[in-house]
Structures are given as structure tokens and as C-alpha cells.
Amino acid sequence: MTRRPKIQRKVWVPAEADHAGPGHKLTLLSTSGDWSVKIKQTTPGMRDGILAVVDTAVVDVLEGQPLVLVEANARDAVVPWLDSFRFFIPKSIREPFLGDLREDLAVMAVRGRSRTAIRWAAISQITILVVRWAWSNVGRFRRAA
Amino acid sequence: MAPKAPNMSRVEIAVLATLVSKERYGLEIRNTLRDLGQTLSLAGVYTTLARLEKQNFVTSRWGDETVAARRGARRRYYEITPLGAKAVRQTKAVMNRVLRAVPNVAHAAGALE
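Residues numbered from 1 in each chain as written. Chains lettered and ligands numbered in written order. Predicted model: local features only at pLDDT ≥ 70, side-chain atom pairs only at ≥ 80, totals over all residues. Heavy atoms only, no water.

Taken together, the contacts link 26 residues of chain B with 26 residues of chain A. Where chain B abuts chain A, roughly 2400 Å² becomes buried across the two surfaces, and 55% of that area is made up of carbon and sulfur atoms. The largest share of the area that chain B buries against chain A comes from Tyr46, Ala69 and Arg71 of chain B, three residues that together contribute 24% of it. Our count for the contact surface shared by chain B and chain A stands at 3 salt bridges. With a shortest N-O distance of 3.0 Å, Arg74 of chain B and Glu95 of chain A are connected by a salt bridge. For the interface between chain B and chain A, the tally reads 11 residue pairs in polar contact (both at pLDDT 80 or more). Counting residues per element, the ones that place at least two in the side of chain B that touches chain A are helix 2 (26–35) and helix 3 (42–54) of chain B. Ranked by residues supplied to the side of chain B that touches chain A, first place goes to helix 3 of chain B with 9 residues. (Contact = heavy atoms within 4.5 Å. Buried area = accessible area lost by both parts, 1.4 Å probe. Salt bridge = Lys/Arg side-chain N within 4 Å of Asp/Glu carboxyl O. Polar contact = N/O pair within 3.5 Å; in protein donor to acceptor, adjacent residues only side chain to side chain. Helix = DSSP H or I, 4+ residues; strand = E, 2+ residues; numbered from the N terminus.)

Residue position: Arg51 of chain B is located in helix 3. In sequence terms Arg51 of chain B and Glu12 of chain B are 39 residues apart; their C-alpha atoms lie 8.7 Å from each other.

All names here are of chain A. Looking at the element boundaries, Leu105 is found in helix 2 (residues 91–110). Since its relative accessible area comes to 2%, Leu105 is described here as buried. When the C-alpha positions of Leu105 and Ala122 are compared, they lie 7.4 Å apart, and in sequence the two are 17 residues distant. (Buried < 20%, exposed > 50% of the residue type's maximum accessible area, 1.4 Å probe, protein only.)

Here the focus is a nonpolar patch on the surface. Residue and element names in this part refer to chain B. A contiguous nonpolar patch, built from Met95, Val98, Leu99 and Val102 and spanning about 340 Å² of accessible area, is present on the exposed surface. Following the sequence through the fold, Leu99 ends up in helix 4 (residues 82–112). With relative accessibility at 51%, the residue Leu99 sits in the exposed group. (Patch = residues over 30% accessible without salt bridge, like charges linked within 9 Å, V, L, I, M, F, W, Y side chains within 5 Å. Areas by Shrake-Rupley, 256 points an atom, 1.4 Å probe, with all protein chains shown as cover.)

Written out as C-alpha cells, the structure is:
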């Protein structure tokens, strides 16, 4: 298990957390894995979220990494209906594509994009995938014929 | 006669080029390309990767890290094969030759005016 360094400084992080408050848990996501931390203090800041002070040691571990975002456990999924579209996605890329899409939408949410923008991003990505996949298969059938 | 470049689209070459330095997963490829000025949708990345994998230019494996935002979906890491690396090298060589010829073309066009 990785040891967390002890750092005293407080770090404020933007959080997509409508209902989270002091004592609630946050999950910090990064390319090196996830860290679960507790919110120490919150303040109204972003339109769709809050600013939270979290366990500073954990945040420092993640500083400087390319993908660092924060998500509250209070809000389970950015687009909960995404699974309804899974049968339109080719099986071979279903799991990684949907996972990447969820990760991307979570980043959008943390950056303060509106729910409408996030929904449209999800719908457009799935539509583009289905159209492109169908088009590439039409080409394959044409070559076979 | 100079060797020809493989018959690949600009997007295919761009996706392949991001994998030369290290293996990456779909979203990472999209973000890398976006940072370099080549915009591409996530859907575009995945259809391209599927095509490249079918042509044996890349191979893939499942990642084992857990990311909460993915809700259990694993990452799929793509790695360039020697065949893919050769395709990138050939395309780069051809593009270098073409671009080196551009000043001469411009000069010739100026001379005609």
C-alpha cells in the first residue's frame, strides 16, 4: 500500500457535489488510482458545485498529474441513463467506450459545464459512434459484395 | 523511386502516432490529440482503434486500476505493434519529403506570376 505524505497546508479543490457538506466523503480520481477523503469545510462557489477543503495530504499526492478530479459520493452518476444506450454500442468496445465517456463527462461536470451540455455531449458521442460504426460496416459489406 | 506511405487516413496516423511513446487508453489518446491541436471525438478514436487493431497496427489489453467515475468499466490500453511503428515511420518519411518540396513549389509558383 502507498504511504501518504504528511503535509500541513490546506488545499481547496472544486467539487461536483450538490448535496455534500462537511463530513461527507469525496473520491479523488487520478490516473494513479482513487483516494477516498472527507470534506473538512465547504463554501458556495461554482454554479453546480461547491468548493471543499479536503485531506490535504491526499491532494498533494495528486498535484501535477494530468487528470485530477473530484466527485462526491452523494452524486452517483453524471448521466444515470447512459446504460440504457449500451445495446447500441458494439460489444467489442462497449466497456472501454462507456467507461471513457463516463470519465470524460465527470471531468466536464467538475469543470462546471451545465447538465444540458453534459447530456448533449453523451448523446452526440453515442450517435457519432453508432453512425461511424454502421458506415464502416456498410463499406465492408460493399467490398465483400 | 521513393518508398510509398501506407494507405492510411490522417486520423489513423494521428492516433497511431500517440501510441509510439507509450501505451494509452481511448480517452487519453483523445486528450493527447486535442492538446496537440487535432480535434477528434471519443467515438472517432474508438472506431479508428478498432480499425487499426483489425489491421494489426495496434494490440490491446485490459487495465486493472479502479476509477470510480467509470462505474466498474475497465480501461482498455492500446499499444503500437512493430507493423504500426513501421507505418508511422514510412508516413513520416513521405510527409517530410513532401513538405521539403513545398518551398520549391512556392518558388516555382512565384516564378510563373
